[in-house]
Amino acid sequence: MEIPFSESYKIKMVEPLRKTTREQREKWIKEAKYNLFNLRSDQVFIDLLTDSGTGAMSDRQWSAIMMGDESYAGARSFFELKDIIKKILGFPYFLPTHQGRAAENVLFSALVKAGDIVPGNSHFDTTKGHIEFRKAKAVDCTIDEAFHTELEHPFKGNIDLDKLEKVLKDYPKEKIPFICVTVTCNSSGGQPVSIENLRDVYVLAQKYGVPTMFDSARFAENAYFIKMREPEYANWSIKEIVAEMYKYADMMTMSSKKDGLVNMGGFIAMRDSELYRSCSTFNIMFEGFVTYGGMAGRDMSALAVGLNESTEFDYLETRIKQVEYLGNKLIEYGVPVQRPIGGHAVFVDAKKVLCNVPKEQFQAQTLGIELYLEAGIRGVEIGALLADRDPVTRENRYPELELLRLAIPRRVYTNNHMDVIAAALKNVFDRRDKITKGLEIEWEAPIMRHFTVELKKL
Ligand SMILES: *Cc1c(COP(=O)(O)O)cnc(C)c1O
């Protein structure tokens, strides 16, 4: 008999989960104004709101916490992190920050000015926010295949070289501070970028004299997909693949809350000493001195260990196989999901599930509420609420896709939890024809409304 797959870790510490009744959940979600962000975490049984900062640290990381050096300047923890960044990612200079968007704030303060153009693959929302805040423009050059949910393509995070070259031709290099490549591409569903594409983008960037920046939150998951899907690299170790990926970047920003395997933290890394100097000033202003920049010494030590662990094949195999396990279960049950299954989340196509709910009544949010009521599972809406209103006309924007994202925290849940999630969604799916009414907005903020919106059941 073939030996089945199992997790590459065992469990040393546990945290109780609270089971709740449907009556309780109905009361709580009403009090939360049908906004899943307003629920208290102890009202949630399985929390799939995000994979950011929600992972479990290893015993090695907790040991590192105890060994952290809290010196203001020149802490040993800083050098532990510096050494691992040099070893794994190859960058000689780095600056710690309190999270990913802080890294963007510091780097973009040094590089992005009004009127600039930043091409890339579906920029993450805070990245885009920091670009637009400086009155610059993010141009999406992702391949067209990324926007068809059912189309199978191994690297849906790839950049379309023709789209990119057009931008590089249309604007002088002084107007393009860098190209931003997100690995894996969060906004297209945790989809990877191939080495071939990273190399081609870099060659093109060099030709036009423009630097390349990697937005790196899920760089290790990207490397795993390269190993599995890009035949040339099938026999390379994850660390070898990561080193190869970063040969094609001049600088990077990192949200350490994902593949850093810590609950808070981020950094910027670069090759250029002049850029390091100009970023240092902004780091000191916004984050903290250059050797701690918003992170406690112990957290830098834990991050150093986390970067080493997340670039191990066994860890990544356990991680990605769990996300695939949930995705495949849903496919088996006939629930429409985005394909191929991404690295950190499963995206349910809410338009195809709740066909009887008009889009004006927020299909993905309605599905999210139904899933919560069914079994206390919290996902997140990626649809019309998130898309917000048109800044000029103030009309609701209805994106092509209404998705319910189920993000899986790292090393937190077991496959039994995945079975619960799949069964709960199947139950909602089986009674989909009876769900004919959605939600209506009672109150919303002028921007970023999805976090605080208050809704009413129709
Ligand atoms: C999470 C994330 C960020 C922002 O990082 P925070 O730590 O949440 O501030 C930036 N880019 C990508 C691709 C991300 O996934």
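No experiment lies behind these values; they were computed from the predicted model shown. (Residues numbered from 1 in each chain as written. Predicted model: local features only at pLDDT ≥ 70, side-chain atom pairs only at ≥ 80, totals over all residues. Heavy atoms only, no water.)

Student: What am I meant to see in the side chain of Glu 165 here?
Tutor: By the secondary structure assignment, Glu 165 is in helix 6 (residues 161–170). Apart from residues lying up to four places away in sequence, Glu 165 is in contact with Leu 204, Lys 207 and Tyr 208. (Helix = DSSP H or I, 4+ residues; strand = E, 2+ residues; numbered from the N terminus. Contact = heavy atoms within 4.5 Å.)

Student: Would you mind going over the packing of helix 7 (residues 195–207) against helix 9 (residues 238–246) with me for this structure?
Tutor: To characterise two packed helices, one gives the angle between the axes of the helices and the distance between these axes. Between helix 7 and helix 9, the least distance of the axes is 9 Å, while the angle of their chain directions is 20°. What the angle tells us is that helix 7 and helix 9 run roughly parallel. Contacts between helix 7 and helix 9 involve Ile 195, Leu 198 and Arg 199 on the former and, on the latter, Ile 241, Glu 244 and Met 245. Looking at the contact of helix 7 with helix 9 residue by residue, the class counts come to 4 nonpolar, no polar and 2 charged. (Axes fitted to C-alpha atoms, helices over the stretch in contact; angles between N-to-C directions. Parallel < 35°, antiparallel > 145°, perpendicular 65-115°, else oblique. Nonpolar A, V, L, I, M, F, W, Y, C, P; charged D, E, K, R; others polar.)

Student: In this structure, what is going on with the pattern of salt bridges? I would like to understand it.
Tutor: Close approach of charged atoms allows side chains of opposite charge to pair. Applying the stated criterion across every chain, the model contains 36 salt bridges. Across the pair Asp 59 and Arg 60 runs a salt bridge whose closest N-O atoms are separated by 3.3 Å. Glu 440 is the partner of Lys 456 in a salt bridge, and the nearest nitrogen-oxygen pair spans 3.3 Å. Taken together, the residues Lys 456 in strand 14 (residues 454–457) and Glu 440 in strand 13 (residues 439–443) connect sequence positions 16 residues apart. Using a relative accessible area of 36% as the deciding quantity, one classes Lys 456 as partly exposed. One network of salt bridges, in which partners are shared, links Asp 51, Arg 218, Glu 221, Asp 259, Arg 319 and Arg 410. (Salt bridge = Lys/Arg side-chain N within 4 Å of Asp/Glu carboxyl O. Buried < 20%, exposed > 50% of the residue type's maximum accessible area, 1.4 Å probe, protein only.)

Student: Would you mind showing me how to read the environment of Phe 78 here?
Tutor: Topologically, Phe 78 is positioned in helix 3 (residues 76–89). Through-space distance from the C-alpha of Phe 78 to that of Arg 271 is 18 Å; in sequence the pair is 193 residues apart. Apart from the residues within four sequence positions on either side, Phe 78 is in contact with Phe 94, Pro 96, Val 290, Thr 291 and Met 300.

Student: Would you take a moment to explain the domain arrangement of the protein chain for this structure?
Tutor: Put simply, an interface is often sized by how much accessible area is lost when its parts join up. With domains assigned, the protein chain is organised as domain 1 (22–51 + 313–457) and domain 2 (59–310). Distance from the C-alpha centre of domain 1 to the C-alpha centre of domain 2: 28 Å. Counting residues at the interface gives 23 residues for domain 1 and 29 residues for domain 2. In this structure, the connection of domain 1 to domain 2 is made through 7 salt bridges. The closest approach of N and O atoms between Arg 410 and Glu 221, which form a salt bridge, is 3.0 Å. The interface formed by domain 1 and domain 2 includes 11 residue pairs in polar contact (both at pLDDT 80 or more). The set of elements that each furnish at least two residues to the side of domain 1 that touches domain 2 consists of helix 12 (313–332) and strand 9 (345–349). Per-element accounting of the side of domain 1 that touches domain 2 gives the leading share, 7 residues, to helix 12. For the side of domain 1 that touches domain 2, the residue count by class is 8 nonpolar, 4 polar and 11 charged. (Domains from an automatic or database assignment. Polar contact = N/O pair within 3.5 Å; in protein donor to acceptor, adjacent residues only side chain to side chain.)

Student: It is not clear to me how the site of the ligand should be interpreted in this structure. Could you clarify?
Tutor: For the ligand, the set of nearby residues contains 15 residues, the closest of which are Gln 99, Gly 100, Arg 101, Ser 255 and Lys 258. Between a nitrogen atom of the ligand and a side-chain N or O atom of Asp 215, the distance comes to 2.8 Å. Taking Lys 258, its side chain carries an N or O atom lying 2.9 Å from an oxygen atom of the ligand. When the ligand is considered free in solution it has 380 Å² of accessible area, and contact with the protein chains removes 98% of it. Every element with two or more residues in the shell around the ligand is listed here: helix 4 (100–111) and helix 5 (125–133). No other element matches the 3 residues that helix 4 contributes to the shell around the ligand. Across the shell around the ligand, the residue classes tally to 2 nonpolar, 7 polar and 6 charged. (Near = heavy atom within 4 Å. Areas by Shrake-Rupley, 256 points an atom, 1.4 Å probe, with all protein chains shown as cover.)

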